[in-house]
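Close look at the chain arrangement
If you want the building blocks of each chain, they are given just below.
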Amino acid sequence: MAKRKAPEVNAGSMADIAFLLLIFFLVTTTIETDSGISRQLPPINDEEQDPPPLKEKNIFIVLINSNGELLVEDEKMDIGNLKESAKRFLDNGGGKGDEACNYCRGAGDPKSSDNPVKAVISLQNDRLTDYGVYITVQNELVKAYTELRNREANRLYGRDFTAMVEDYNNKADYDGDIEKLKENIETIKDMFPQKLSEAEPSRS
Amino acid sequence: MSKFKKKKGGDTPAISTASLPDIVFMLLFFFMVVTVLRDTSIKVQQDLPYADQVEKLEKKNLVMYVYAGKPSKRYQSQFGDEARIQLNDKFASVNDIQQFIYEERQSKREELRNLLITSLKVDQETNMGLISDIKQELREAEALKINYTTKEGDALQNMN
C-alpha cells in the first residue's frame, strides 16, 4: 500500500471560536468605576454679600472637633444618633401660616425648624478633624435627606426616591414617561432641598 | 502485516499553526479591553473612607483626580510622613492645584469643559485642614463639582 499522510485538521473555524471568546469577554468584563459622595462647592463672590437672614431655629449646627467628637445644637452627640436627630430637625414643621409644612410628620416644636425648605444644616469642622470622620458625618446627613425623600416619594408616587433617580440615570432602560419622572424628582427635591452649609474650618 | 509497517515509517503530520494568529489576537484584544491604563502611579497612601450614599462617576474622561494622603512607605524617607497632595505623577503643593485644573480643562473639548468633575481621593487619616485648602483652591479655579471618592460600605466603620 502507498504511504498516505494523515489528513490535516481543518483550522478554518478556529477564527470563529476566537472571535466568539473575544466577544464573550468584551461583553462580560466591566471596568470598575469609582463612586463617592458628590458635592457642589459654593462659588466665590467678589463683592461682599450680606448672608440672607435666617432664623436661629432654622439652623442645625453640627460641630466636629479634632478628636472626631460631635457637638450638635450645643449638645454632645454620638454619631449613631446624628441621622435621627437631623431627620427630626428637618421634618419638624413648626411653622405657622405661610411657613407651615403640610407634609411634615415631626413634632411641630416651635423651637425647631419651621419648614424643610427653610431648614439649613451647618457643618463646621476643625482643621485637625480626620477626613474619615468628616465623610461619616456627611454620609449620615445625606442619608437623613434621602430617607425623608424616600418617605415622601413613597407617599406621592408609591416608590423610593432613590429608585426614581436610578431610573432617570438609565434613561434608555426606562419605559415610562421620562419627562414626568423628571418632574416628580424635582418635586421631591423641592420638598426636602439639601441645604448643607459648610463653614471654613476653625484653627485651634 | 503490511498494515503495521506503514505506520512505522510514516512521518508525523505537522500541526497546523494557521490559527495561532487568531489566538494571539484574541489574547491581545482581551488584555487591551480589561487593562485600565493608569497614567499615574499613586505615591500616597490610599485607604479611602467608607460611605453608602454614593453616586457613580460614569464618564471617566470627565474626571480630574486629586490625590492626598501620607506619602507611601517607600517615599517617606524622602518626603516625610506629613500628608501631601499628588497631582498627575508627582507630589504637589496646594498652590499647584489651580494650574493643574486649568491644564486639565485645556486638554478637553470646549463643550465638555463645564461638565468636569474633580474626584478627591483622600486617605481617611488626612486632616481636614488640607482638604479645606484644596477645596478653597478648587473654588478659586471654578471647579465646583467635586466628588469625595469612597469605598462602598457602612460609614460608621470610619470611626474606628
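Above this text is the structure in question.
Since we're looking at a predicted model, the values are computed, not measured.

**Notes on the packing of aromatic side chains**
Residue and element names in this part refer to chain B.
- Per the counting criterion, the structure on display carries 8 aromatic pairs over all chains.
- Where Phe79 meets Phe91, the ring centres are 4.4 Å apart and the plane angle is 50°; that geometry is what we call tilted. Taken as a pair, Phe79 in helix H3 (residues 73-79) and Phe91 in strand E5 (residues 90-92) lie far apart in primary sequence, 12 residues in all.
- Residue class for Phe91 comes out buried when judged on its relative accessible area of 14%.

**Notes on a negative patch on the surface**
Residues and elements named next belong to chain A.
- A surface patch of like charges, here negative, comprises Glu56, Glu73, Asp74 and Glu75.
- One can find Glu73 in the loop between strand E3 (70-72) and strand E4 (75-77).
- A relative accessible area of 35% means that Glu73 is categorised as partly exposed.

**Looking at the pattern of salt bridges**
Residues and elements named next belong to chain A.
- Within the structure shown, the criterion is met by 16 salt bridges over all chains.
- A salt bridge links Arg151 to Glu152; the nearest nitrogen and oxygen atoms lie 3.0 Å apart. We note that Arg151, like Glu152, is buried.
- As a salt-bridge pair, Arg155 and Glu152 come within 2.6 Å of each other at their nearest N and O atoms. With Arg155 and Glu152 both in helix H3 (residues 131-157) and 3 residues apart, this pair spans about one turn of that helix.
- Through salt bridges that share partners, Asp91, Arg151, Glu152 and Arg155 make up one connected network.

**What about the environment of A:Glu56?**
- Examined against the element boundaries, A:Glu56 turns out to sit in the loop between strand E1 (35-40) and strand E2 (59-64).
- A C-alpha to C-alpha distance of 32 Å links A:Glu56 and A:Glu183, two positions 127 residues apart in sequence.

**Regarding the interface of chain B and chain A**
- At the junction of the two partners, chain B supplies 57 residues and chain A supplies 50 residues.
- Carbon and sulfur atoms make up 62% of the area that chain B and chain A hide from each other, which totals about 4,900 Å².
- The interface formed by chain B and chain A contains 4 salt bridges.
- As a salt-bridge pair, B:Asp52 and A:Lys143 come within 3.5 Å of each other at their nearest N and O atoms.
- Linking chain B with chain A are 25 residue pairs in polar contact (both at pLDDT 80 or more), by the criterion used here.
- Of the residues contributing to the side of chain B that touches chain A, the split by class is 28 nonpolar, 14 polar and 15 charged.

**Notes on the state of the cysteines**
Residue and element names in this part refer to chain A.
- Under the defined criterion, the tally for this structure stands at 1 disulfide over all chains.
- Two residues, Cys101 and Cys104, share a disulfide whose sulfurs are 2.0 Å apart. Looking down the S-S bond of the Cys101 and Cys104 bridge, the torsion is 90°, so its handedness is right-handed. Each member of the pair Cys101 and Cys104 is classed as buried.

**Description of helix H5 (residues 178-191) of chain A**
All names here are of chain A.
- Its 14 residues place the ends of H5 20 Å apart at the C-alpha level, agreeing with the 20 Å of an ideal helix rising 1.5 Å per residue.
- All buried positions along H5 are accounted for by Leu181, Asn184, Ile185, Ile188 and Met191. Taken down its axis, H5 places every buried residue within 120° of arc, on the same side. Within H5, the exposed residues directed more than 90 degrees away from the buried face are Glu179, Glu183 and Asp190.
- Close packing links the buried residues of H5 with H3 and helix H4 (161-169).

**A short note on the side chain of B:Asp123**
- Here B:Asp123 is to be found in the loop between strand E6 (117-122) and helix H5 (128-140).
- Lacking a salt bridge, the buried B:Asp123 has B:Lys70 as its closest oppositely charged neighbour, with an N-O distance of 6.1 Å.
- Of note is the side chain of B:Asp123, whose polar atom sits 3.1 Å from the backbone nitrogen of B:Glu125.
- Each residue touching B:Asp123, except ones within four places of it in the same chain, is listed here: A:Tyr131, B:Gln45, B:Gln46, B:Asp47, B:Ala68 and B:Gly69.

**Let's talk about the sheet that holds E4(A)**
All names here are of chain A.
- Judged by pairing direction, the sheet is mixed, and its 5 strands sit side by side in the order E4-E3-E2-E5-E6 without closing on themselves. In this open sheet, the two edge strands, each paired with only one partner strand, are E4 and strand E6 (196-198). Ignoring which end each strand starts from, the neighbouring axes of this sheet average 30° apart.
- By the bridge criterion, 6 bridges tie E2 to strand E5 (residues 120-125) in an arrangement that is parallel.

**What about helix H4 (residues 96-106) of chain B?**
- Among all positions in H4(B), only B:Ile97, B:Phe100, B:Ile101, B:Glu104 and B:Arg105 are buried. Down the axis, H4(B) shows its buried residues gathered within 130° of arc, on one side only.

Conventions and cut-offs
- Residues numbered from 1 in each chain as written.
- Chains lettered and ligands numbered in written order.
- Predicted model: local features only at pLDDT ≥ 70, side-chain atom pairs only at ≥ 80, totals over all residues.
- Heavy atoms only, no water.
- Phe/Tyr/Trp six-rings, centres within 6.5 Å; stacked < 30°, edge-to-face > 60°.
- Helix = DSSP H or I, 4+ residues; strand = E, 2+ residues; numbered from the N terminus.
- Buried < 20%, exposed > 50% of the residue type's maximum accessible area, 1.4 Å probe, protein only.
- Patch = residues over 30% accessible without salt bridge, like charges linked within 9 Å, V, L, I, M, F, W, Y side chains within 5 Å.
- Areas by Shrake-Rupley, 256 points an atom, 1.4 Å probe, with all protein chains shown as cover.
- Salt bridge = Lys/Arg side-chain N within 4 Å of Asp/Glu carboxyl O.
- Lys, Arg positive; Asp, Glu negative; His and termini not counted.
- Charge placed at Lys NZ, Arg CZ, Asp CG, Glu CD.
- Contact = heavy atoms within 4.5 Å.
- Buried area = accessible area lost by both parts, 1.4 Å probe.
- Polar contact = N/O pair within 3.5 Å; in protein donor to acceptor, adjacent residues only side chain to side chain.
- Nonpolar A, V, L, I, M, F, W, Y, C, P; charged D, E, K, R; others polar.
- Disulfide = S-S within 2.5 Å.
- Expected span 1.5 Å × (residues − 1).
- Arc of directions from axis to C-beta.
- Pairing = 2+ DSSP bridges.
- Axes fitted to C-alpha atoms, helices over the stretch in contact; angles between N-to-C directions.

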